[in-house]
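In case you want the letters, here they are:
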Amino acid sequence: MSTVRYSIILPVFNEQDNLLKLHQRLTGAIDSITTDYEMIFIDDCSNDNSYEILKALNEQDLRVKIIKFTKNCGHQIAITCGLDFAEGDAAIIMDADLQDPPEVIPKFIEKHEQGYEIVYAIREKREGETFFKKVTAFFFYRIMKVFTNIEMPLDAGDFRLIDRKVIDSLKSMQERNKFLRGLIVWTGYSQ
Ligand code: UDP
Ligand code: MG
């Protein structure tokens, strides 16, 4: 049996300027619905003050949990590790750089309560990125769609809610280099 309803999974690499604001917006967005959640920050060996800021947040809010990597392992491994420690009935995966708006989370929860096991957000626009990044991302999703036979949503990042069933399925997979966006859809749960 799980001990919290929702686990928010936040990979962090050099996000010192965003963490306080993120915590404030995140708790502001979710607290009106439920206080029964944990925030798991995975510090992917940042070389700025991210870890110190997370420790200070943990002192004022015990729902803040921290995993600190000894070396930089990358975004997907950080998320995978967060899911391994998540205790919730569902996990919400989001970036820690405020590119994924926390205010969308209540809508994820609403869809989860309607019975969907995977709920994701689609980017309508992408601010603060270079032209090169936007163009390569555009083609990335479309080329993936042509070459794979899974229904991977176009222009959705990792920002999503996944039910405990999906978390457990991901945990049972032996892949070492997980491409989570693909694997989550591949599990076949309703999205
Ligand atoms: N991140 C991480 N390890 C890394 C690089 C990034 O944990 O080696 C985190 C980063 O702090 C952010 C998320 O993963 O919360 C997405 O990273 P980024 O913003 O660089 O990805 P993009 O927006 O370009 O997809
Ligand atoms: Mg980003």
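Attention in this report is confined to the structure presented alongside it. The shown structure was predicted, so the numbers you read here are calculated from the model rather than taken from an experiment.

The subject of this paragraph is the pattern of salt bridges. On inspection of all chains with the given rule, the structure shows nine salt bridges. Residue Arg5 is joined to Glu113 by a salt bridge in which the shortest nitrogen-to-oxygen separation is 3.0 Å. With Arg5 in strand S1 (residues 4–12) and Glu113 in helix H4 (residues 105–113), the pair connects residues that are 108 residues apart, well separated along the chain. Note on Glu113: relative accessible area 53%, which makes it exposed. A salt bridge links Arg63 to Asp31; its shortest N-O distance comes to 3.2 Å. Within this pair, whereas Arg63 is found in the loop between helix H2 (50–60) and strand S3 (64–68), its partner Asp31 is found in the loop between helix H1 (19–30) and strand S2 (37–43), the two being separated by 32 residues in sequence. Taken together, the salt bridges that share partners define one network made up of Asp31, Asp61 and Arg63.

Let us now look at the nonpolar core. Within the largest apolar cluster, 28 residues are counted, with the highest numbers of intra-cluster contacts made by Ile8, Phe41 and Ile92. In terms of residue count, the dominant contributor to this core is H1 (five residues). If near-sequence neighbours (up to four positions away) are discounted, Ile8 is found in contact with Leu26, Ile30, Tyr37, Glu38, Met39, Ile40, Ile92 and Met94. With 21 residues, the next largest nonpolar core counts Ile79, Ile167, Leu170 and Leu180 among its residues.

So, about unusual backbone geometry. Excluding glycine, residues mostly have negative phi values, and the peptide bonds linking residues are mostly trans. Positive phi, close to 55 degrees, is recorded for Asn14, a residue that is not glycine. Within the secondary structure, Asn14 sits in the loop between S1 and H1. Residue classification places Asn14 among the partly exposed residues on the basis of a relative accessible area of 29%.

In the vicinity of ligand 1 there are 15 residues, among which Glu15, Asp44, Ala96, Asp97 and Lys133 approach most closely. A distance of 2.8 Å is found between an oxygen atom of ligand 1 and a backbone nitrogen or oxygen belonging to Pro11. Taking Gln99, its side chain carries an N or O atom lying 2.9 Å from an oxygen atom of ligand 1. Here ligand 1 loses 79% of its free accessible area of 530 Å² to cover by the protein chains. Structurally, ligand 1 is housed in the largest pocket.

Per the stated rule, a full pass over the model turns up three aromatic pairs. With a centroid separation of 4.8 Å and 55 degrees between ring planes, the pair formed by Phe108 and Phe159 is classed as tilted. You can see Phe108 sitting in helix H4 and its partner Phe159 sitting in the loop between helix H5 (131–147) and strand S6 (160–163), a full 51 residues away along the chain. With a relative accessible area of 2%, Phe108 lands in the buried category. Over the ring of Phe138 we find Arg142, and its NZ or CZ is 3.8 Å from the ring centre.

Conventions we followed
- Residues numbered from 1 in each chain as written.
- Chains lettered and ligands numbered in written order.
- Predicted model: local features only at pLDDT ≥ 70, side-chain atom pairs only at ≥ 80, totals over all residues.
- Heavy atoms only, no water.
- Salt bridge = Lys/Arg side-chain N within 4 Å of Asp/Glu carboxyl O.
- Helix = DSSP H or I, 4+ residues; strand = E, 2+ residues; numbered from the N terminus.
- Buried < 20%, exposed > 50% of the residue type's maximum accessible area, 1.4 Å probe, protein only.
- Core = buried A, V, L, I, M, F, W, Y, C linked by side-chain atoms within 4.5 Å.
- Contact = heavy atoms within 4.5 Å.
- Near = heavy atom within 4 Å.
- Polar contact = N/O pair within 3.5 Å; in protein donor to acceptor, adjacent residues only side chain to side chain.
- Areas by Shrake-Rupley, 256 points an atom, 1.4 Å probe, with all protein chains shown as cover.
- 1 Å grid on protein atoms, 1.4 Å probe; cavity = no way out; pocket = protein on both sides within 12 Å on 5 of 7 lines; lining within 4 Å.
- Sits in = over half its atoms within 2 Å of the grid points.
- Phe/Tyr/Trp six-rings, centres within 6.5 Å; stacked < 30°, edge-to-face > 60°.
- Lys NZ or Arg CZ within 6 Å of the ring centre and 35° of its normal.

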